[in-house]
Amino acid sequence: MRPVQSTMPVSRFLTLLAFCFLVAATSRFSCAAGPSVSFTADIAPLLQRRCVVCHGLEKAKGQYRLDTFGGLLKRGSSDKPSVVPGKPEASLLYQLLLEKSPEDRMPQDADALSSTEIALVKSWILSGAKFDGSSHSTPLARFLPTPPHPSAPKRYKHPWPITAIVFSNDGTQLVTSGYHEINFWNANTGALLRRVGGMPERIHSLAWQPAGTLLAVGGGSPGRSGELFLLNLALQSVPRAIAITADEILCASFSPDGQRLAIGSADKSVRVFTIPQGREILRLDQHSDWVHGVVFSPDGTWLASASRDRTARVYNSTNGNSISTFRGHNAAVESVLFKTDGKVVLTAGADRTVRTWDGIDGEHAGTFAKFDTSITRLHLADGTMLMGLADGQIVHRNLPDGKEGAVTNIIEGRVAALAFHQATGQIAAGMHDGRVRVWGIRGGVCGNEFIASPGLAKSPRP
Ligand code: HEC
């Protein structure tokens, strides 16, 4: 469970309180009319935490949604105005906070809001129910304060596991997961180029927007929270999470046109966001355990997910309708891919097999490959299938027949992350012990290896 967050930082609350006393004591204006209650800082996080579960995309109890400011202004099934600027007594949203019976009071069947929180809603409405954000359609979740993160160590004392790795669009740089940061390295020399902090403890997924400039970063702290960032590195803005989930975000994948981003979380959900707005447009809760992999089909029509619950699923990526469920793995499914035809799905996992199946009817088509150890990562590369294994092997095999190919590389340890760059033919493997190895799939490029932990990069192998 995620610890309950306070609605606002204590310091901000005290300032507001002090302001109220000051205004009440020194002027004819009442505190409630004070301009200091901010929708984005004070009201949105409160509604997001206490109300959106029943009044959002999935459920809209009373035909009422308040997951955006625009939605909040609309009337629900009662057809009474929910918020009337300046008039809390005429605002249903406020009146329902005061109801005596728990069935009628909001939040329904839960603890009432505290008197401070209720007073805050009242003074916000009294002072004109103003919106201080940029767009009425921004999800309220965007206004949740990002949990503060400690800074990354200046020099790492021990190698940090590489759980996510990706090439820059031009193939010259590698981005890797660090501790509360992501790091940029020269792909050829392993020289550290840049560090971007303010990130959650663990990073599980890094993905570049196709033909775009945004880098999606998914991660979190185990059992506590998941965070999704969209970084525009040219702007160098302070990273701010665009979505917060109840547990770590384990995977993220863009649609081929770069307009949508799908994520899978340890909170068992699969979600889809619009890019660059970050509005949640789909939430799928069919999995009963962590979601390890998500991917769009090559034409963007379908979305597939892989889960620790031993199943993989295909959905219509627009309306979220379930298309098929594959139950052919008898252990956690770690990775999922569409073949280029967009119909055949490949999944792999802890049962040591890579299986192919029909994305439309979920029928098992065959075992593509079988190993002595679990398969941690799948990647399509140059018409071959690249597979990273828990014993450090990286194997590639021909598609579609799965004919034996050479063992590409053996690195001791567990392959925890895998990346391929099409134009240059480079492969990069991120290892659980902190090493990164880069080499060329078409031969010729000799291997380069480094420890992707700042301060340890040049050290000898542990
Ligand atoms: C556990 C679910 C649940 C939670 C949480 C919840 N609501 Fe509701 N809400 C309902 C239900 C159910 C109705 C419909 C009640 C009815 O029609 O009798 C409703 C109706 C409403 C309506 C009236 C819509 C209309 O026009 O009919 C408003 C306004 C509202 N809720 C606001 C809130 C606010 C504000 C919060 C958070 C402080 C909140 N709700 C939290 C379940 C919930």
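Computed from a predicted model, the values in this text were never measured in an experiment.

### Regarding the pairing of strand S2 (residues 173–177)
For step 1, the next point in the chain: A large share of S2 lies buried, amounting to four of its five residues.
For step 2, the next point in the chain: Pairing analysis gives three bridges linking strand S1 (residues 165–167) to S2, with the strands arranged antiparallel. Its bridge partner being in S2, Val166 is matched across the sheet by Val175.
For step 3, the next point in the chain: Between the antiparallel neighbours S1 and S2 lie five residues, among them Gly171 with a positive phi of about 80 degrees.
For step 4, the next point in the chain: What sits between the antiparallel neighbours S2 and strand S3 (residues 182–186) is a turn of four residues, in which His180 has the positive phi angle 60 degrees.

### Describing the sheet that holds strand S15 (residues 312–316)
For step 1, the next point in the chain: Across the sheet, four strands lie side by side as S13-S14-S15-S16; this open sheet has antiparallel pairing. Among the strands making up the open sheet, the edge pair consists of strand S13 (291–296) and strand S16 (322–326). On average, adjacent strands in this sheet sit at an angle of 15 degrees to one another, irrespective of strand direction.
For step 2, the next point in the chain: Pairing geometry for S15 and S16, over four bridges, is antiparallel. The residue bridging Arg313 from the neighbouring strand is Thr325, located in S16.

### A look at the nonpolar core
For step 1, the next point in the chain: Within the largest apolar cluster, 114 residues are counted, with the highest numbers of intra-cluster contacts made by Ile165, Leu206, Ala216 and Met387.
For step 2, the next point in the chain: The dominant element in this core, judged by the number of residues it contributes, is strand S25 (residues 415–421), at six residues.
For step 3, the next point in the chain: Two domains each donate at least three residues to this core, and these are domain 1 (10–143) and domain 2 (165–451).

### Description of the site of the ligand
For step 1, the next point in the chain: In the vicinity of the ligand, 23 residues are found, and the nearest of them are Cys51, Cys54, Lys61, Gly62 and Gly76.
For step 2, the next point in the chain: With three residues, helix H4 (residues 92–98) is the largest single contributor of residues to the shell around the ligand.

### Section: helix H5 (residues 115–126)
For an α-helix the count is 3.6 residues per turn, leaving residues at separations of three or four pointing the same way.
For step 1, the next point in the chain: For H5, built from 12 residues, the straight-helix expectation of 16 Å at 1.5 Å per residue is met to within 8% by its first-to-last C-alpha distance of 16 Å.
For step 2, the next point in the chain: When we look at burial in H5, the residues that qualify are Leu120, Val121, Ser123, Trp124, Ile125 and Leu126.
For step 3, the next point in the chain: Along its buried surface, H5 packs onto helix H2 (39–50) and H4.
For step 4, the next point in the chain: The first or second residue beyond H5 is Gly128, which carries a positive phi of 110 degrees.

### A closer look at the confidence of the model for the protein
For step 1, the next point in the chain: Residues at a pLDDT of 70 or more form 87% of the protein, whose mean pLDDT is 86.
For step 2, the next point in the chain: Across the protein, the element-wise mean pLDDT spans from 43 in helix H1 (residues 10–26) up to 98 in strand S14 (residues 302–307).
For step 3, the next point in the chain: Note that residues 1–35 has pLDDT below 50 and, in this model, 28 contacts with residues that lie over four places away or in other chains.

### A closer look at the pairing of strand S22 (residues 384–389)
For step 1, the next point in the chain: A large share of S22 lies buried, amounting to five of its six residues.
For step 2, the next point in the chain: Inspection of the sheet shows strand S21 (residues 375–381) paired to S22 by six bridges, in the antiparallel sense. When the sheet's bridge partners are listed, Leu380 is paired in S22 with Met385.
For step 3, the next point in the chain: Where S21 folds back onto S22 in an antiparallel hairpin, the turn is made up of two residues, including Asp382, whose phi is positive at roughly 60 degrees.
For step 4, the next point in the chain: In terms of strand pairing, S22 meets strand S23 (residues 393–398) through five bridges, oriented antiparallel. Note on S23: the bridge partner recorded for Met385 is Arg397.
For step 5, the next point in the chain: From the end of S22 to the start of S23, which pair antiparallel, there are three residues, and Gly392 there has a positive phi angle of about 95 degrees.

Rules used throughout
- Along each chain, residue indices are assigned from 1 in the same order as the chain's sequence is written.
- The model is predicted, so local features are restricted to residues of pLDDT at least 70 and side-chain atom pairs to those at 80 or more, both for listing and for counting; the totals for chains, interfaces and linings are taken over all residues.
- Three classes are used. A residue is buried when 20 or more other C-beta atoms lie within 10 Å of its own, exposed when 12 or fewer do, and partly exposed in between, with C-beta atoms placed from the backbone.
- Put simply, DSSP H or I for four residues or longer makes a helix, DSSP E for two residues or longer makes a strand, and each gets a number counted from the N terminus.
- Strands pair, by our definition, only if DSSP identifies at least two bridges between them.
- An axis is simply a line fitted to the C-alpha atoms; with a helix, the fit covers only the stretch in contact. Between two such axes, the angle follows the N-to-C directions and lies from 0 to 180 degrees.
- To form a nonpolar core, buried Ala, Val, Leu, Ile, Met, Phe, Trp, Tyr and Cys residues must be joined through C-beta atoms within 7 Å.
- What fixes the domain bounds is an automatic or database domain assignment.
- As a rule, any residue with its backbone-derived C-beta atom within 6 Å of a molecule or strand is reported as near that molecule or strand.
- A helix is expected to reach a length of 1.5 Å times the quantity of its residues less one.
- Note on contacts: residues are paired as contacts if their backbone-placed C-beta atoms lie within 7 Å.
- By definition, pLDDT measures how confident the predictor is in each residue, and it falls between 0 and 100.

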